[in-house]
Amino acid sequence: MDIDFFAGIVRTGTVLGADAGMSPQEVQRYLGDDPWDTECDDELSWDYGVVEFFWDIKGSRFEVNLGRTTEQVPFSALAARVSLVPQEDGTYLQPTSGVVVHVRDGLVDLIVSTRGGRGGLDIPGERVPVVNAHPGFFADIVETGTVLGVDADLDPSVVRRVLGDFEYDNDNGESFWWGYDIVEIFWHRRASGRGVIGSHYSVQTHRLNARNRPLLFADLEAELTRRGVSLTPLPSKPLFEEYQEYWQPESRMALTVHLPCGEVERIGSDYRQDHSQPDWGDHRAIYRSLKELVSFSPAARLRWIAKHKPAEYAWSWWMRRIRTITWRATTTDAVRNREKWVDFGYWALEQCPSLDVPAAMTAQAVAEYTANLEDAQPEMRRLPADTVVRTCLAQITGKMDRTDKSLITTANLHRHAVTDPVLLASLDSWIARRTDIPSASMPRL
C-alpha cells in the first residue's frame, strides 16, 4: 500500500471497488471472505485489518484505520493528490465522494466513508437532497452496449487511451479488472501469453443510492421507449424474487432492477449469451448425452442429430451442445481420448449450416474454439489462423453492430499467426475501424 492507494479510497469512496452502499455479500465479492466478523447491538462488522465495514439499522459505512499499520501517510501528501475541504470539527471532507479524513500530528489517522443504505448520507453539513439520476447516460449504455464507445471486448490499451487511467483495479493473475467510477471492465489473460480476452463490464448503479442519486427503472424504461429500444423481462430466479432482470437483444445488455424500491441495481454486458433462446437443460445432462456420441461414426452422429433435434430453435439447441463439446476438448482437467473430443468439436461446427446456425455465429465459434485450443491444449490439432481469420472477415457487414465487433475481436485472437500479408492488412484495417473511438471523460454521476 502507498499514498496513491489511500488517495484512491478518498477520491472514489471505494476500497478496491467495494463501497459503503454494498451488502455484506457484495463486499465479499470484492474483498474476499472476512477474516474477522463481529455482531453486537444490531451492528455487524467485517474486519479486513486496516479496513473495516459496518452494517447497522441506519445503513452501512467503512473505515480505514491507519493506526493499525506502520504505513505513515502525511496529510500534506494526501491533500496534494485529492481535493479536501476543512470542517469545523477538524476533519477534512472530499466533496465528491463524501469521504471524511481524520488527521493526527500531521498524519492521516482515519478515513471514514459516507453512510450508505437506508440512512442516506451522514456527512458534516447539510444533507444532500435525493435527486434521481438522469437516465440519458445509462440509456446510451443499454442501447449501444458500450460506455462512451468502450466495451469489454477492447484491449486494455484502447480503454486506457479512451477513458484514461483507471481509478481502482483488482488483479488475481488469471484475470483483472479496472474501475472508472461505477463502471468496471473485466479481462482474462490468455494462458498462451498472447494478450487478453475480454470478459464483460458492469455498471454498478446501486452505488448511486449512496450518493442520493438513484437510477429509477421507470425513468430508464421511459427513455429507452422514447428511443425505440425494447427490454425483454427474464424469468425470476429462486431466492431472488425481489429482483427482475431485463435483456436487450441487439446490444446484448442485461440489467437488474430491485423491485421494492424500483431502482436499477446493475447494468452489464452479456455478449456471449442469448437469453431469448430456450433453456436447453443442465450442462451435466448434456455432457452425458454426448459421451457416447463422441465415439460414433459420422453417419451415426447425423442419425442421432436427426432423432433428437427439436422442431424449433434447432440451431440454438445445437450451439448449446457445441459449447459442451468444445469445453470438454479444451478443459485443463485430464480427459481420456482428448484427440477425439478435439476432432468432435470441429466436426460439430461443420454441421452448423445444416442446422441453420447463422454463418457469423459459426465463424465466431470456430475462432473462439481454435483460440482456446491454442491457449489450453497447444499440442492438439487446430485450424490454421489464416483459415479462421478469413472466415470471420467474410461475415463482417460493416454495420459495426455487436456481431461485427465480435467477429473482429475473435479474428484478432489469431492475428499473431496470420501468414498471408493481404489478409493481415485486411484484418488490421477492421481493427483500426473497431478501435477508432475518441477520447472521453466519465461524467459526474
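Look a little higher up for the structure.
Residues numbered from 1 in each chain as written. Predicted model: local features only at pLDDT ≥ 70, side-chain atom pairs only at ≥ 80, totals over all residues. Heavy atoms only, no water.

Peer 1: Can you walk me through the packing of aromatic side chains in this structure?
Peer 2: For the structure shown, the criterion picks out 20 aromatic pairs. On the basis of an interplanar angle of 70° and a centroid distance of 5.2 Å, the ring pair of Trp178 and Trp187 is categorised as edge-to-face. For the pair formed by Trp178 and Trp187, the shared burial category is buried. Between Trp317 and Trp318 the ring centres are 5.9 Å apart and the planes differ by 35°, which places this aromatic pair in the tilted class. As far as burial versus exposure is concerned, Trp317 and Trp318 are alike and both buried. Among the aromatic residues, those joined into a cluster by ring pairs are Tyr287, Trp327, Trp341, Phe344 and Trp347. The ring centre of Phe54 lies 4.0 Å from the NZ or CZ of Arg61, which sits over that ring. The aromatic ring of Trp347 is capped on one face by Arg301, whose charged end is 5.0 Å from the ring centroid. (Phe/Tyr/Trp six-rings, centres within 6.5 Å; stacked < 30°, edge-to-face > 60°. Buried < 20%, exposed > 50% of the residue type's maximum accessible area, 1.4 Å probe, protein only. Lys NZ or Arg CZ within 6 Å of the ring centre and 35° of its normal.)

Peer 1: I would appreciate a short explanation of unusual backbone geometry in the present structure.
Peer 2: A negative phi angle is the norm for most residues apart from glycine, just as the trans form is the norm for most peptide bonds. Here Leu148, not a glycine, exhibits a phi torsion of approximately 55°, which is positive. On the basis of relative accessible area, Leu148 is assigned to the partly exposed category, the value being 32%. For Asp181, which is not a glycine, the phi torsion comes out positive at approximately 55°.

Peer 1: Explanation requested: the pairing of strand β13 (residues 183-189) in the structure shown.
Peer 2: The side chains of a regular strand alternate between the sheet's two faces. In terms of burial, β13 is largely enclosed, as 5 of its 7 residues are buried. Between strand β12 (residues 175-180) and the antiparallel strand that follows it, β13, lie 2 residues; Asp181 among them carries a positive phi value of about 55°. As paired strands, β13 and strand β14 (residues 196-203) are joined by 7 bridges and run antiparallel to one another. Paired with Trp187 across the bridge in β14 is Gly198. (Helix = DSSP H or I, 4+ residues; strand = E, 2+ residues; numbered from the N terminus. Pairing = 2+ DSSP bridges.)

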